[in-house]
Amino acid sequence: MPARLPLVLAAWLPRQRWFAAKGRVIDEVAVEQHIPLDDRLAEGGCLGLLLTLRVAFADGGPAELYQVPIGLRSALPPALEPAVIAALDGLVCYDALADPEITAAVLHGIATGRTLGDLRLRAEPGAGRLPASGTRVSRPLGVEQSNSSVVLDERYLLKFFRRLQPGVNQELELPRALLEVGGAGHVPAILGSAEGTLDGRPVTYAVVQHYVANAADGWSMALGSVRDLLAGGQVPDQAGGDFASEARRLGHTVAEVHDGLARARGTRVLGREGIVAVVGEMRARLEQARRHISALDRHAGSLDVLFTAVESAVDEVTIQRVHGDLHLGQVLRTPTDWLLVDFEGEPAATQDERLRMRSPLRDVAGMLRSFDYAAHHQFIEPGHPAVPDPAAVRLADEWSRRSQAAFCEGYAERSGADPRDQPLLLRALLADKAVYEAVYESRWRPHWASLPVAAVRRYAREIASGSPRAHDFF
Ligand SMILES: Nc1ncnc2c1ncn2[C@@H]1O[C@H](COP(=O)(O)OP(=O)(O)O)[C@@H](O)[C@H]1O
Ligand SMILES: O=P(O)(O)O[C@H]1O[C@H](CO)[C@@H](O[C@H]2O[C@H](CO)[C@@H](O)[C@H](O)[C@H]2O)[C@H](O)[C@H]1O
């Protein structure tokens, strides 16, 4: 491995979309693991290495671990030029995920159950045969994401987790758990994985799942529906832009997945003490957010009233394992069904936070927020007037309310419990999610931040008006 590589990577990492420590100054990058991916690649003049990097920061805060698969070649095919990281010691070092030879080697390693040092490549039992040989057509998934996925032969999605945390990744654990209880019908089949050991604990480097080629993602569908509505200029239930039946069906799916997770991993009842602790986390998240987003300051008092109401009036909450970061971008509509993807939880969450049982209403709140996002996204698009047309705002609000209500109805039809019947908890979870989103957006997409901040303002207004109904929050 070239000696200058850690220095080069220290300059390259902050430019990568998946590098989670945006804004923190890197002090040092140390290569913690370097695992040769497949010696047969050498025949083609290529070395594939899976690197685990420990990144230390100048602020003295906790170091982070990242996975960076690299390729090294003396001469690079032109197609790989955009993936170059640096030229070092007569070799070109590049992002291995752009190289079909390397991604195919990983897939073949998983199909044939290879062990490479500490790295165990395995097909899932009973998942059907993965191709053990043959030329693979490999392309980056090409969507905005927190990790890095490649699609092989339009059939397999090979997803590499970028920020590594010791422990089995939920994206492997939860679909496996659903399968055990016959509840995996609404998730893409997990076909294999790359696991190893880091800091003495198991770690998941990558997962292979069925690539759902004939699907549309919920976010694009919802935006299309809102666009249709505005083009028609009518109320949603009289226009093409009505998402209610899709939202209702999605409510069914989410309730069924929650039921599967509850059967697979059990449920618990959180008493008053636990509820106070959860609300404490919401308060802490708000305080943290206010340090960066002063627009939240004037709403903090109202949110505190809501949080106090939850602490004093909610006696118990049933908790279970949940998706953890559910939104319209995490759902795929096949010709017959909705599927849920990406069970990893919020990108910045720690492994312990991801493993915690939560109210399933947390996922419901995530999805309800997402309808709000989709409805109002048009108003932040470039070129949109600073003061939006009130008629368009009314239509967007109506689209959002109808979709949210239909989602809750669908959820209730399958679970037997309407999320709106727990108004205080649902309102607190909605407000907490909007605060999370405000932080996420200000960090990654500042021009989107007005969406969640406007939602917090609306929620604060509802709280101040004393309305007790969750419905008024939508
Ligand atoms: N198995 C799959 N088949 C087809 N598309 C998928 C699949 N898994 C994810 N996607 C699409 O890729 C996007 C990003 O995937 P996701 O797992 O959320 O990545 P990340 O965790 O890196 O953010 C999703 O929003 C979805 O549109
Ligand atoms: O998909 P990820 O697990 O990486 O989730 C993060 O990024 C999401 C954006 O890609 C972000 O979702 C927010 O924007 C979505 C539209 O792009 C919207 O549908 C969601 O409702 C909204 O929260 C998510 O919060 C973040 O964790």
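Residues numbered from 1 in each chain as written. Chains lettered and ligands numbered in written order. Predicted model: local features only at pLDDT ≥ 70, side-chain atom pairs only at ≥ 80, totals over all residues. Heavy atoms only, no water.

Enquirer: Just to check I follow, could you spell out the sheet that holds strand β13 (residues 201-210) for this structure?
Expert: Pairing between the strands of a sheet comes from backbone hydrogen bonds, and it takes one of two forms, parallel or antiparallel. Taken together, 7 strands build an open sheet; the order of strands is β6-β7-β12-β13-β10-β9-β8 and the sheet is antiparallel. Because the sheet does not close on itself, it has two edges, and the strands there are β6 (115-116) and β8 (138-140). Relative to strand β10 (residues 156-160), strand β9 (residues 148-152) runs antiparallel, the two being bridged by 5 bridges. Within β10, the residue paired with Ser148 across the bridge is Phe160. Against the sheet, helix α3 (residues 170-180) makes contact with β10, β12 (190-198) and β13, and its axis sits at roughly 135° relative to β12, the strand it touches most. (Pairing = 2+ DSSP bridges. Helix = DSSP H or I, 4+ residues; strand = E, 2+ residues; numbered from the N terminus. Contact = heavy atoms within 4.5 Å. Axes fitted to C-alpha atoms, helices over the stretch in contact; angles between N-to-C directions.)

Enquirer: So what exactly am I meant to see when it comes to the site of ligand 1 here?
Expert: Around ligand 1 there are 18 residues in total, and Gln145, Asn147, Lys159, Gly329 and Asp342 lie nearest to it. At 3.0 Å, a backbone N or O of Ser146 approaches an oxygen atom of ligand 1. In the model, an oxygen atom of ligand 1 is placed 2.6 Å from a nitrogen or oxygen of the Asn147 main chain. Protein coverage of the free-state accessible area of ligand 1, which is 550 Å², stands at 91%. Using a 2 Å cut-off from the grid points, one finds that ligand 1 occupies the second largest pocket. Broken down by secondary-structure element, the contributors of at least two residues to the shell around ligand 1 are β10 and β13. Of the residues contributing to the shell around ligand 1, the split by class is 8 nonpolar, 7 polar and 3 charged. Here the shell around ligand 1 gathers at least three residues from each of two domains, domain 2 (101-210) and domain 3 (216-473). (Near = heavy atom within 4 Å. Polar contact = N/O pair within 3.5 Å; in protein donor to acceptor, adjacent residues only side chain to side chain. Areas by Shrake-Rupley, 256 points an atom, 1.4 Å probe, with all protein chains shown as cover. 1 Å grid on protein atoms, 1.4 Å probe; cavity = no way out; pocket = protein on both sides within 12 Å on 5 of 7 lines; lining within 4 Å. Sits in = over half its atoms within 2 Å of the grid points. Nonpolar A, V, L, I, M, F, W, Y, C, P; charged D, E, K, R; others polar. Domains from an automatic or database assignment.)

Enquirer: What is the right way to read the domain arrangement of the protein chain from this model?
Expert: For interface size, the figure often reported is the accessible area lost on association. For the protein chain, the assigned domains are domain 1 (5-97), domain 2 (101-210) and domain 3 (216-473). Averaged C-alpha coordinates put domain 1 and domain 2 at centres separated by 20 Å. On the domain 2 side, the residues contacting the 30 residues of domain 1 number 24 residues. In total, about 2,400 Å² of surface goes out of reach between domain 1 and domain 2, with carbon and sulfur atoms giving 56% of it. The tally of links between domain 1 and domain 2 comes to 5 salt bridges. The interface formed by domain 1 and domain 2 holds 9 residue pairs in polar contact (both at pLDDT 80 or more) in total. Mapped onto the side of domain 1 that touches domain 2, the elements with two or more residues apiece are β1 (26-36), β2 (46-57), β3 (64-73) and β5 (91-95). No other element matches β3, which puts 9 residues into the side of domain 1 that touches domain 2. For the side of domain 1 that touches domain 2, the residue count by class is 16 nonpolar, 5 polar and 9 charged. (Buried area = accessible area lost by both parts, 1.4 Å probe. Salt bridge = Lys/Arg side-chain N within 4 Å of Asp/Glu carboxyl O.)

Enquirer: I would appreciate a short explanation of the pattern of salt bridges in the present structure.
Expert: Summed over the entire model, instances satisfying the criterion amount to 41 salt bridges. A salt bridge links Asp59 to Arg24, with the nearest nitrogen and oxygen atoms 2.8 Å apart. In this pair, Asp59 sits in the loop between β2 and β3 while Arg24 sits in the loop between α1 (5-12) and β1, placing the two residues 35 residues apart along the sequence. A relative accessible area of 22% places Arg24 in the partly exposed class. Between Arg272 and Asp315 there is a salt bridge, with its nearest N and O atoms 2.2 Å apart. Separated by 43 residues along the polypeptide, Arg272 in helix α6 (residues 272-292) and Asp315 in the loop between α7 (300-313) and β16 (317-320) bring together distant segments of the chain. A residue is classified by how much of its surface remains accessible, and Asp315, at 51% relative accessible area, is exposed. Where salt bridges share partners, they join Arg285, Asp325, Glu346, Arg362, Asp432 and Lys433 into one cluster. (Buried < 20%, exposed > 50% of the residue type's maximum accessible area, 1.4 Å probe, protein only.)

Enquirer: Hey, could you run me through the UniProt feature "domain: Maltokinase N-terminal cap" (unreviewed entry) in the protein chain in this one?
Expert: Mapped onto this numbering, the UniProt entry annotates "domain: Maltokinase N-terminal cap" (unreviewed entry) at residues 12-99. Across residues 12-99, helical content stands at 1% and strand content at 49%; the span's end C-alpha atoms are separated by 18 Å. (UniProt positions renumbered as here; feature names shortened; annotations may be inferred.)

Enquirer: Looking at this structure, I do not really get the packing of aromatic side chains. What am I missing?
Expert: Two measures describe an aromatic ring pair: the distance that separates the ring centres and the angle between the ring planes. In the structure shown here, the tally under the stated rule is 10 aromatic pairs. Seen from their ring centres, Phe19 and Tyr66 are 4.9 Å apart, and the 40° between their planes marks the pair as tilted. You can see Phe19 sitting in the loop between α1 and β1 and its partner Tyr66 sitting in strand β3, a full 47 residues away along the chain. The same class applies to Phe19 and to Tyr66, which are both buried. Taken together, the aromatic side chains of Trp12, Trp18, Phe19 and Tyr66 make up a single cluster linked through ring pairs. It is Arg17 that lies over the ring of Trp444; its NZ or CZ is 4.5 Å from the centre. Here Arg24 stacks its cationic end above the ring of Phe57, 3.8 Å away from the centre of that ring. (Phe/Tyr/Trp six-rings, centres within 6.5 Å; stacked < 30°, edge-to-face > 60°. Lys NZ or Arg CZ within 6 Å of the ring centre and 35° of its normal.)

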